[in-house]
Amino acid sequence: MNVFITRVIPEAGLQLLKDAGLQVKQWTEKRKLTVDELIEECKWADALLSAGQQLGREFLEASAHLKVIALNSVGYDNVDIETATRLKIPVGNTPGVLSGATADTAFLLMMAAARNAFYMHKTIIDGEWDFFEPTANLGKELTGGTLGVFGMGKIGVEMARRCAGAFGMKIVYHNRNRNLEAEQELGATFVSFEELLRQSDVISVHTALTPETEGKFDAAVFKQMKSSAIFVNTARGKIHNEEDLISALQNKVIWGAGLDVTNPEPMKSDNPLLTMPNVAVLPHIGSATETTRDAMAKLAAGNIIAGLKGEKLPSPVNPEIYTDSQHN
Ligand code: DGY
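Everything numeric here is computed off the predicted structure, so don't read it as measured data.

**Here we look at the sheet that holds strand β5 (residues 91-92)**
Reasoning step 1: Here 5 strands make up an open sheet; going across it, the order is β2-β1-β3-β4-β5 and the pairing parallel. Edge positions in the open sheet fall to β2 (23-26) and β5, since each of these has one partner strand only.
Reasoning step 2: Across 4 bridges, the pairing between strand β1 (residues 2-5) and β2 is parallel. Considered in β2, the bridge of V3 is made with V24.
Reasoning step 3: Against the sheet, helix α12 (residues 290-308) contacts β1, β3 (47-50), β4 (68-71) and β5, and its axis sits at roughly 170 degrees relative to β4.

In structure tokens, the structure reads:
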């Protein structure tokens, strides 16, 4: 059976597919496929391993023969899951294996924003490191502060662990449901969204992009945060309104920001956020460690192999397609 892969993935994942006797074709060009190209490539394929592609209704309806789609990501906001489910195509993602690496990135961005680190690095490159000024370049200390986690899933918990362990930060969180394990382990307190904004010194976003979270952090929300607060987003750029974020930072409504995801992506090089001292931006590299990317590729390959055997995927996004007793 044949598997089409939309990007070059780590050898660890490829090997699993080959060991399972599958024919593999990878898209090696450094650009996204158009919808028509993807449809064409998938005509040959029984399964699709997808990274960085929008999988909308047009593509899915034209590729209804696919036995499985495995995403090389935990996020699946780029896939029309409703259509895939209607067509009975199982879709898998890669939860869990990237939680630590993504939380590391959130922690890094929090620190970098708090200490103006990326900006200060650039002053050296620009030849501006001259004499010592006791009142210049001052950052924020995080010890004893409050971390507000928006979305206390696996990645949120990892970020909370790091902040509690490193800085003794108090943890508050807002989530659809209470996370009793996080409450027990970290003494985290479930609060309303308004309380989260009011109490937090750092707000870190770890929720999925959904119709409810899209544009959630806008001007009105930034206004309810502390003027000393740092906003961190490693989830999806569309969860914040970037114009409103720029304006909140320029007008000192909030103090700083750390972003691994931007709105839109890629961010343009003349974006004002890139020249603000209290802002740190990375190009969506949250899960980019060798270990994590290997683990993601292996999990995605595992989803493909299971799907092609007609078995339930190890990590299905739409388990509701399994209605029979064989899969339940
Ligand atoms: C994920 O896995 O969702 C990462 O953000 C990469 O897209």
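Next comes the rest of the write-up.
**Looking at the sheet that holds strand β6 (residues 146-150)**
Strand pairs in the sheet, formed through backbone hydrogen bonds, run parallel or antiparallel to each other.
Reasoning step 1: Read across the open sheet, the 7 strands follow the order β8-β7-β6-β9-β10-β11-β12; overall the sheet is parallel. The open sheet is flanked by β8 (189-190) and β12 (279-281), the only strands paired with a single partner.
Reasoning step 2: Pairing of strand β7 (residues 170-174) with β8, which is carried by 2 bridges, proceeds in the parallel orientation. The residue of β8 that forms the bridge with V172 is T189.
Reasoning step 3: Along the sheet, helix α5 (residues 99-114) contacts β9 (202-205), β10 (230-233), β11 (256-259) and β12; its crossing angle with β10, the most-contacted strand, is approximately 150 degrees.

**As for the domain arrangement of the protein chain**
Where interface size is given, it is often the accessible area lost as the parts come together that is meant.
Reasoning step 1: One can read the domain layout of the protein chain as domain 1 (2-96 + 290-327) and domain 2 (99-281).
Reasoning step 2: One C-alpha centre belongs to domain 1, the other to domain 2; they are set 32 Å apart.
Reasoning step 3: Of the residues lining the interface, 4 residues belong to domain 1; the matching set on domain 2 comes to 5 residues.
Reasoning step 4: Overall, the association of domain 1 and domain 2 removes approximately 430 Å² of surface from exposure, summing both partners, and the carbon and sulfur fraction of that is 50%.
Reasoning step 5: On the domain 1 side of the interface with domain 2, the three residues burying the most area are D77, G96 and T292, jointly 77% of the side's total.
Reasoning step 6: The tally of links between domain 1 and domain 2 comes to 2 residue pairs in polar contact (both at pLDDT 80 or more).
Reasoning step 7: Classifying every residue of the side of domain 1 that touches domain 2 by side-chain character gives no nonpolar, 3 polar and 1 charged.

**Comments concerning the packing of helix α1 (residues 11-19) against α12**
Reasoning step 1: Running from N to C, α1 and α12 point in directions that differ by 20 degrees, and their axes come no closer than 7 Å. Viewed along their axes, α1 and α12 adopt a mutual orientation that is roughly parallel. You can see that α1 and α12 cross each other, and the crossing is right-handed. Between α1, through A12, G13, L16 and L17, and α12, the contact on the second element is made entirely by D294, A297, K298, A301, I304 and I305.
Reasoning step 2: Considering only residue class, the contact of α1 with α12 consists of 7 nonpolar, 1 polar and 2 charged.

Thresholds, definitions, all that
- Residues numbered from 1 in each chain as written.
- Predicted model: local features only at pLDDT ≥ 70, side-chain atom pairs only at ≥ 80, totals over all residues.
- Heavy atoms only, no water.
- Pairing = 2+ DSSP bridges.
- Helix = DSSP H or I, 4+ residues; strand = E, 2+ residues; numbered from the N terminus.
- Contact = heavy atoms within 4.5 Å.
- Axes fitted to C-alpha atoms, helices over the stretch in contact; angles between N-to-C directions.
- Domains from an automatic or database assignment.
- Buried area = accessible area lost by both parts, 1.4 Å probe.
- Polar contact = N/O pair within 3.5 Å; in protein donor to acceptor, adjacent residues only side chain to side chain.
- Nonpolar A, V, L, I, M, F, W, Y, C, P; charged D, E, K, R; others polar.
- Parallel < 35°, antiparallel > 145°, perpendicular 65-115°, else oblique.
- Left-handed = near helix turned anticlockwise from the far one by under 90°.

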